[in-house]
Structures are given as C-alpha cells and as structure tokens.
Amino acid sequence: GCVSTSKYNDLKARYDAETTGLRQATESLERAKTSLEKDCAYYKSQVDAKEAEMQSLRDKLKLER
C-alpha cells in the first residue's frame, strides 16, 4: 500500500489547489451574504417607513370622517 512520492506530491498539489479554491469561494459567498443582509435591512427599513406613512394617512382619514 505505499504510494510513490511523485503520486503523493501530485495528490497533495491537487488537494491544496482545491482547498484554496474552496476557501476563496467561501470568502466570496460570505461577502455576498453580508451585502445581501445590508440590502435586506435597508429595504426592510424602507417598507417599515412606508407602512408607518400609510398608517398615518389612515389615521388622518378616520379623523376627517
């Protein structure tokens, strides 16, 4: 069951390349996730503001009736 040094080195290089690629992909996904979370928070705040504005308008309509 011994593996030749050249085969081991080849497999190790492939493993290292895959690991680096996966690490870079993970970092990229983390950055995208952070960006999407910021966008989500922004749009949620926009929705909350519009809902508050709509409630204010509903309240004014009730007072005018």
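In this report, we go over the structure that sits alongside the text.

Thresholds, definitions, all that
Residues numbered from 1 in each chain as written. Predicted model: local features only at pLDDT ≥ 70, side-chain atom pairs only at ≥ 80, totals over all residues. Heavy atoms only, no water. Salt bridge = Lys/Arg side-chain N within 4 Å of Asp/Glu carboxyl O. Helix = DSSP H or I, 4+ residues; strand = E, 2+ residues; numbered from the N terminus. Buried < 20%, exposed > 50% of the residue type's maximum accessible area, 1.4 Å probe, protein only. Phe/Tyr/Trp six-rings, centres within 6.5 Å; stacked < 30°, edge-to-face > 60°.

### A few points about the pattern of salt bridges
- Summed over the entire model, instances satisfying the criterion amount to four salt bridges.
- Here glutamate 37 and lysine 33 are joined by a salt bridge, their closest N and O atoms 3.9 Å apart. Taken together, the residues glutamate 37 and lysine 33, both in helix α1 (residues 5–64) and four residues apart, mark about one turn of the helix.
- Linking aspartate 48 and lysine 44 is a salt bridge whose minimum nitrogen-to-oxygen distance equals 3.1 Å. Note that aspartate 48 and lysine 44 are positioned in helix α1 at a spacing of four residues, about one turn of the helix.
- For aspartate 48, a relative accessible area of 36% gives the class partly exposed.

### Overview of the packing of aromatic side chains
- Going through the model one piece at a time under the given rule, you end up with one aromatic pair.
- On the numbers, 5.1 Å between centres and 70° between planes, the contact of tyrosine 42 with tyrosine 43 is edge-to-face.
- According to the relative accessible area criterion, tyrosine 42 is partly exposed, its value standing at 45%.
- Assessed through its relative accessible area of 52%, tyrosine 43 is described here as exposed.

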